[in-house]
Amino acid sequence: MPPSIHPVDLITALRQRHLTPAIVFLTSRRACDEAMESFDHTNSVLPPARQEAIAKVLEQVIAQYPSIAEHPLIPTVQRIGVAAHHAGHLPSWKIAVEELMRHGCLDAVFATTTLAAGVDFPARTVIITQSSIRKARDFTDLTIGEVQQIAGRAGRRGKDLVGFAIVTPSPYIDLGVLTKGFTGHPEAINSQFVISYPMVLNLLKAHPLDQMQPILAKSFAQFQLNQRAEILERKLDDLHQQMEPYGPRVCTDWITQWHLYDQVRRQRSHRGPVRRHEPPDVSARFHFLTPGRIAGLAKSRGVVLRQYRSKGQKSPMVTLLRQGGAITECPAAIVTEVFDRVLDCTEAPVYPWCTTESLESLLRELEELPARLPVLPILVSKEHEPIPDAIVQTLGDFSCPTCPSRSACQKDHAHASKLRQEQQRNVKAIQALRTSLWHRFQDKIDALQHFGYLSPGARLTEAGEWARLIRIDHSLLITELIRAEAFTGAAPALLAAVMSSIAHDDDRPGAFPRISPGLGSLLGQVRKLAESLSPYEDPPLLRADIAAVTEQWIADPTLTWIGLCKKTTMAEGDIYRLLARTLEFLSQLHTLKDTHPALADCASQAIASLRRGVLEELP
Amino acid sequence: MTTEELEQLLAQQPIALLHRLARGRVQRHFRTGKRRLIELLLRHSAENRAGFESDLLALIGERTARPAAPPPRPAVQPARHSAEARRAASAHQEQEPHEPAVTLQAWLEGIGVPPPQPFVPDPWQEDALAKLQTGDVIVSVPTGSGKTYVAVEAARRAMEENRTVIYASPLKALSNTKFTEFSRIFGADRVGILTGDRRDNGQAPLLIMTTEILRNLLYDAAGGEIDVRLDTLGLVIMDESQYLADPERGVVWEETIIFCPSQARLLLLSASIGNPHDIADWLTSIRSTPCHLIKHSKRTVPLRAGYLHPDGKLTPLFRTLGIPHGHPGQWHPEAKRLFARYEDETMPSGRRR
Ligand SMILES: Nc1ncnc2c1ncn2[C@@H]1O[C@H](COP(=O)(O)OP(=O)(O)OP(=O)(O)O)[C@@H](O)[C@H]1O
Ligand SMILES: [Mg+2]
């Protein structure tokens, strides 16, 4: 049996059962192209009438977008009635395929899952061949929302009575991901708010500094942080309640008082201080291994259900709920990482140390945690610091030994101080949730002041006034380049080339045209500056080969699109996207015409020569 | 409810719930123990016994509803979980009537083209348009439901009142499609498109642009350089709003929503998402008018799922004709058998299961 169905057989099967038109989602662009090639030798061609209909629609599209007149896929499209549609194609080709689909001319389209949301591209049937997609160089499982967006293209309103989403396996498919996707409830969406330099400059241009916090408070990010803070506040209410029996006694702050007394007493006693044979990092970590905490183990993860010290050695121990549901007692030393995540856990006094509902939800949440979690930074103290002698000498000053509530204090101290610690931790966590955005904002202000875009009073300086108009990725690098006069006297082609190497963030390898010496040395300068800015902004890839593609297109106005494509192994669609993004960056430079007329002029010349041929077809 | 019954009910509740009930009723309720708190609550309830009881029941309802309602993921995958979860899942399945699995023939029945019908807007479409009269609207419905109709009608109504409309999309490709579509509907002279370096018909009453361009316009306006006629802006349509969750670009949607002029209505169109209520609540909390949520998850064209074996054999994927929502384990026995065979043959190392 082949690992996956042959495209020709697939289309035949779909046609037989009247399941066309269909969109076939394949794992890669290459798979789409190969699927198209596999029709080269088939003789199941369309009847002439349908071929003519396709030709007619294509003719109309070509009249508008001449760049696709010679498209190599046209013969197959016309003969068989199938097409490919993916990010390696020009936008105009994709429009042509969409148009053919809308007219009902095609039986199938081979596409990748990048077939973007919203593009009106429905079919009777959707074929799914994968359960994961490549995201930032890694394969991740499709989310429920993604499965539903893909499957949702099946069944055209007004044209179909039913729609079909059909899974056909290919190696590495996990059918469970897909069945869950079909039947599940889409994931909640979470804010992805990041504070960028242009955001800070633009906000401070329009509003005084003291209005920044209220503005940040309007973000969805803060809305969601507040939701989390409210949960903690409720927990804090609970803790207040539990602290009730431990209110003021003979001394108001008896917990601290007893703690101090107890420690001094131990140090004075002949036994000496309790020596714990544990490395300092274990004791530092142990403090955070409270119920609900996610702990990283060598190969898996677990949720802490309780922490305690063993009877004999007094060594730190935790009870862990592991992935898979096992509950184990382990020395705290096996915990390799403490994550910055605490799950809700209703504690109980006996095994399994929490309520059964809580156990179930913990297990579920544990299984659903994302692969990567932030690690809690833990400060390890150098050594167990002894109480200064001066205090030890003052043991006589403690009234505890004769205090009437001595026995009560002794009995309650452990529990009360644990509760109080937890209270304090919660208070801190709530504070962090309420103020973290503002702190991140302040960090950006500091950096902008450091570079002189903001005055010490957080007003825009002269440089800040124009720098705020650069609102793209790597804005700091670009404005610093401008201030360093890196582009002074540069030809439009060179400027555009540098912009495209900043804009391009794909590290797919390929063969590319040669780099001119001028471009090489300018990029060297850019790279150096980007390196020096790396504490403030992640440096871009700055690929010279990519820059050369742009340079050639602009420097040589006689170069045709086909000619440019021949110079590299990049797909047509990728070259188009590169140039379109360069156009966007250049147009931002053009907005600096009041302060940097020469640069703006250079940018607009580059724009003018860039926008020709294919790049002129669409706005 | 008698006072005794009420007292008993209160005593059965966890203290946290009592505290929530005590908010605004009992001063300094955190300082009191459970006994005392119940006493104080009972004393207070005399003022408005009915209101008190209904609040209490609502809180209890919320508590019991929470574990049952299935936010983020509804069902546990039976295969990988603890014995307990498995038992719960199988108990769950036993409750289902064990009807025979659907046949391929029945599954393939009903393919065809519906007879042409005059266009009648769906109730949710009408509802969205009506609600837009009194505030912002977020629409969260499945793919292909007809969100464009809402956008077009809302734009038409705003333009009839001589207001500018901005339609923001996440992608240039989508902007281009909508530019063609809207030009056909409203006439080419009434629709414009803005990109970074180009503006076609930039003074038209309906402007199409990507969300980034719109964000930049709003920053320019806030900085004092009015560019487009934002003062007459009456409606901002943000299509594919689920991009709010995009790791790289989501922030642009937030910025745009935060700085959207208060006189303009916001219409957010989104595919089905897990927490549309949160978005609506957020908008209500920061905008001058309330945000209404229009939401449903029923597809207009019913969907069926199938499994196609590499040898060409087709079978339904689930036991049921439609999608068994909330029951990912209800595989069709034939699909299960074929896929097990597939895994055996293609993954001899026994990767899974
Ligand atoms: N009330 C209606 N009655 C019949 N057909 C309708 C109705 N509303 C919309 N349609 C049709 O439904 C189809 C899908 O509509 P539309 O493109 O607006 O979906 P959408 O919700 O925007 O989907 P997507 O999530 O893909 O963006 C269109 O062909 C449209 O004409
Ligand atoms: Mg749409």
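Scroll up for the structure.
Residues numbered from 1 in each chain as written. Chains lettered and ligands numbered in written order. Predicted model: local features only at pLDDT ≥ 70, side-chain atom pairs only at ≥ 80, totals over all residues. Heavy atoms only, no water.

Q: Explain the sheet that holds strand 6 (residues 233–238) of chain B here, please?
A: Within a beta sheet, neighbouring strands are joined by backbone hydrogen bonds and run either parallel or antiparallel to one another. All names here are of chain B. Judged by pairing direction, the sheet is mixed, and its eight strands sit side by side in the order 4-3-5-2-6-7-1-8 without closing on themselves. A strand with exactly one partner marks an edge of an open sheet, and here the two such strands are strand 4 (199–200) and strand 8 (291–295). The sheet contact formed by strand 1 (residues 136–140) and strand 8 spans five bridges and is parallel. Within strand 8, the position partnered with Val139 by the bridge is Ile294. Relative to strand 8, helix 7 (residues 123–131) is tilted by about 175 degrees, and along the sheet it contacts strand 1 and strand 8. Lying on the sheet, helix 9 (residues 172–186) is in contact with strand 2 (164–169), strand 3 (191–194) and strand 5 (206–210); it crosses strand 5 at an angle near 170 degrees. (Pairing = 2+ DSSP bridges. Helix = DSSP H or I, 4+ residues; strand = E, 2+ residues; numbered from the N terminus. Contact = heavy atoms within 4.5 Å. Axes fitted to C-alpha atoms, helices over the stretch in contact; angles between N-to-C directions.)

Q: What exactly am I supposed to notice about the pairing of strand 8 (residues 293–296) of chain A here?
A: Two faces make up the sheet, and in a regular strand the side chains alternate between them. All names here are of chain A. Both faces of strand 8 are covered, namely the face carrying Arg293 and Ala295 and the face carrying Ile294 and Gly296. In terms of strand pairing, strand 8 meets strand 12 (residues 337–342) through three bridges, oriented antiparallel. When the sheet's bridge partners are listed, Gly296 is paired in strand 12 with Glu337. Here three bridges tie strand 8 to strand 9 (residues 301–309), and the two strands are oriented antiparallel to one another. Across the sheet, the residue bridging to Gly296 is Arg301, located in strand 9. Between the antiparallel neighbours strand 8 and strand 9 lie four residues. (Buried < 20%, exposed > 50% of the residue type's maximum accessible area, 1.4 Å probe, protein only.)

Q: Would you mind going over the site of ligand 1 with me for this structure?
A: Among the 14 residues in the neighbourhood of ligand 1, the closest are listed as Val120(B), Gln125(B), Gly144(B), Lys147(B) and Thr148(B). Looking at the residues close to ligand 1, they fall on chains A and B. Contact between ligand 1 and Val120(B): a nitrogen atom at 3.0 Å from a main-chain N or O atom of the residue. Gly144(B) is positioned with one of its backbone polar atoms (N or O) 2.8 Å from an oxygen atom of ligand 1. The protein chains hide 76% of the 640 Å² of surface that ligand 1 would expose on its own. Broken down by class, the residue content of the shell around ligand 1 amounts to three nonpolar, seven polar and four charged. (Near = heavy atom within 4 Å. Polar contact = N/O pair within 3.5 Å; in protein donor to acceptor, adjacent residues only side chain to side chain. Areas by Shrake-Rupley, 256 points an atom, 1.4 Å probe, with all protein chains shown as cover. Nonpolar A, V, L, I, M, F, W, Y, C, P; charged D, E, K, R; others polar.)

Q: What is the right way to look at the pattern of salt bridges in this model?
A: Working definition: two side chains of opposite charge can pair if their charged atoms are close together. All names here are of chain A. Evaluation of the coordinates by the stated rule reveals 32 salt bridges over all chains. Measuring nitrogen to oxygen at the nearest pair gives 3.5 Å for the salt bridge that ties Arg30 to Glu34. Taken together, the positions of Arg30 and Glu34, both in helix 2 (residues 29–37) and four residues apart, correspond to about one turn of that helix. The class of Arg30 is exposed, set by a relative accessible area of 60%. Look at Glu34 and you get partly exposed, because its relative accessible area is 41%. Of the charged contacts in the structure, one is a salt bridge between Asp473 and Arg581, with a shortest N-O distance of 3.7 Å. With a gap of 108 residues between them, Asp473 in the loop between helix 16 (462–467) and helix 17 (475–483) and Arg581 in helix 22 (residues 572–590) connect regions that are remote in the sequence. According to the relative accessible area criterion, Asp473 is partly exposed, its value standing at 47%. Judged by relative accessible area, which is 28%, Arg581 ranks as partly exposed. (Salt bridge = Lys/Arg side-chain N within 4 Å of Asp/Glu carboxyl O.)

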